[in-house]
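# Fold and contact review
Chain by chain, the residues run as shown.
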Amino acid sequence: MLVSAKEMLEKARDGKYAVGQFNINNLEWTKAVLLTAEELRSPVILGVSEGAGKYMTGFKTVAAMVKAMMEELKITVPVALHLDHGTYDGCYKCIEAGFSSIMFDGSHYPIAENVEKTKELVAVCREKGMSIEAEVGSIGGEEDGVVGAGECADPNECKQIADLGVTMLAAGIGNIHGKYPENWAGLSFETLAAVKEKVGDMPLVLHGGTGIPEDQIKKAISLGVAKINVNTECQISFAEATRAYIEAGKDQQGKGYDPRKLLLPGTEAIKATVKEKMELFGSIGKA
Ligand code: 13P
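Quick caveat, the model's predicted, so the values are computed rather than measured.

Parameters and conventions
Residues numbered from 1 in each chain as written. Predicted model: local features only at pLDDT ≥ 70, side-chain atom pairs only at ≥ 80, totals over all residues. Heavy atoms only, no water. Helix = DSSP H or I, 4+ residues; strand = E, 2+ residues; numbered from the N terminus. Rg over C-alpha atoms; globule rule 2.2 N^0.38 Å. Buried < 20%, exposed > 50% of the residue type's maximum accessible area, 1.4 Å probe, protein only. Contact = heavy atoms within 4.5 Å. Areas by Shrake-Rupley, 256 points an atom, 1.4 Å probe, with all protein chains shown as cover. Lys, Arg positive; Asp, Glu negative; His and termini not counted. Charge placed at Lys NZ, Arg CZ, Asp CG, Glu CD. Pairing = 2+ DSSP bridges. Axes fitted to C-alpha atoms, helices over the stretch in contact; angles between N-to-C directions. Phe/Tyr/Trp six-rings, centres within 6.5 Å; stacked < 30°, edge-to-face > 60°. Lys NZ or Arg CZ within 6 Å of the ring centre and 35° of its normal. Near = heavy atom within 4 Å. Polar contact = N/O pair within 3.5 Å; in protein donor to acceptor, adjacent residues only side chain to side chain.

## Looking at the overall build of the protein chain
Looking only at helices and strands, one finds 12 helices and 10 strands in the protein chain. A compact globule built from 287 residues would reach a C-alpha radius of gyration of about 19 Å, and the protein chain, at 18 Å, matches this within 12%. The burial tally for the protein chain puts 56% of its 287 residues in the buried class. Within the protein chain, contacts between residues at least 6 apart in sequence are counted, and of these 70% link residues at least 24 apart. Surface accessibility of the protein chain: about 12,800 Å² in total, with carbon and sulfur atoms responsible for 52%. Between the mean site of the 31 positive side-chain charges and the mean site of the 40 negative ones, the protein chain shows a separation of 6 Å.

Structure representation (structure tokens):
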């Protein structure tokens with residue numbers, strides 16, 4: 001059964017570890033993340049961007065696939081199905097489709113409009129027992145066409161949004177989606193500490209988990225980050241393993257072209273990346 005992310009994130013915050021959000025793109029991705037979480041007894045959040053939802057033919061398909069897969073695979077660890085960087089309309093579609101969590105990304109609106117829309121969605125989610133993530137200060141880089149400049153959030157605006165009763169808050173602290181450029185200045189722990197001071201107990205979310213050095217991940221967790229999003233790193237692992245299989249000519253040996261064989265190395269590579277992240281985030285054995 002899918003659960004809201006509230007309880008798992010509050011436990012993570014109190015226990016000083018973080019729950020990973022791994023974005024899913026298809027059946028192989030979903031299976032790899034669910035099986036790894038179950039094997040390692042870790043809570044997990046499956047992230048679905050609007051683009052990935054569309055690719056999988058719609059949020060209803062995604063919710064049905066995840067729910068059925070959890071039943072067939074006998075997954076017993078807590079799993080939240082979460083909309084990543086949702087638009088206002090996308091949030092309502094996911095609520096209707098049976099997701100257990102949403103992110104409303106109103107960071108590109110003026111703060112008053114972000115507040116107004118977030119407030120409305122908080123009320124809807126509360127009634128349905130769903131968790132909701134809000135964002136202040138855009139996350140840099142590009143994800144599924146959503147481009148952000150990587151600004152640092154204003155701690156006072158963070159407090160304004162946190163006070164609306166969201167479950168978790170994504171505050172820009174110099175993090176960006178995708179690979180980090182060579183000249184990246186690193187996370188702004190000054191901003192993170194200032195945000196934490198304003199929002200108190202609110203579990204904080206770190207986007208752009210791909211490529212952040214281990215020491216910075218650990219420091220972010222010590223300063224109140226309870227959820228870390230990873231997307232690009234699983235995509236790179238999948239692509240590398242698939243390329244190696246094809247370059248070795250394995251698709252041309254026997255029935256190596258069978259999709260169940262062709263996609264297997266990539267699926268195993270996703271599992272390895274998810275495991276590595278769960279170890280780093282400290283969520284293993286916390287289910
Ligand atoms: P990366 O693709 O950089 O890992 O970021 C993922 C993310 O933040 C999803 O919202």
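## Concerning the sheet that holds strand 3 (residues 79–86)
Here we have 8 strands rolled up into a closed barrel, ordered 1-2-3-4-5-8-9-10, and parallel in their pairing. Shown here is a sheet whose adjacent strand axes are inclined to one another by a mean of 25°, direction ignored. Here strand 2 (residues 44–49) pairs with strand 3 via 6 bridges, running parallel. What sits directly across from Ser49, in strand 3, is Asp84. Set on the sheet, helix 1 (residues 6–15) makes contact with strand 1 (19–23), strand 2, strand 3, strand 5 (131–136), strand 8 (168–171) and strand 10 (225–230); between it and strand 10 the angle comes to about 115°. Contacts between helix 4 (residues 59–72) and the sheet are confined to strand 2 and strand 3, with strand 3 contributing the most and set at about 160° to the helix.

## Structural notes on the packing of aromatic side chains
Scanning the model with the defined rule gives 5 aromatic pairs in all. Considering the side-chain rings of Trp29 and Phe238, the 4.8 Å spacing of their centres and the 45° angle between planes classify their relative orientation as tilted. Note that Trp29 is positioned in helix 2 (residues 27–39) and Phe238 in helix 10 (residues 232–247), a separation of 209 residues in sequence. Plain terms: the ring middles of Tyr88 and Tyr92 are 5.4 Å apart, the flat faces sit at 75° to each other, and that makes the pair edge-to-face. You can see Tyr88 and its partner Tyr92 sitting in helix 5 (residues 88–97), 4 residues apart, about one turn around the helix. Above the ring of Tyr88, the side-chain terminus of Lys117 is found at 5.6 Å from the ring centroid. Its end group placed over the ring of Tyr109, Lys117 keeps NZ or CZ at 4.7 Å from the ring centre.

## Re the site of the ligand
Lining the immediate environment of the ligand, one finds 15 residues, of which Asp84, Gly178, Gly208, Thr210 and Thr232 sit closest. Taking Asp84, its side chain carries an N or O atom lying 2.7 Å from an oxygen atom of the ligand. A distance of 2.8 Å separates an oxygen atom of the ligand from a polar backbone atom of Asn231. Among the secondary structure elements, those contributing two or more residues to the shell around the ligand are strand 3 and strand 10.

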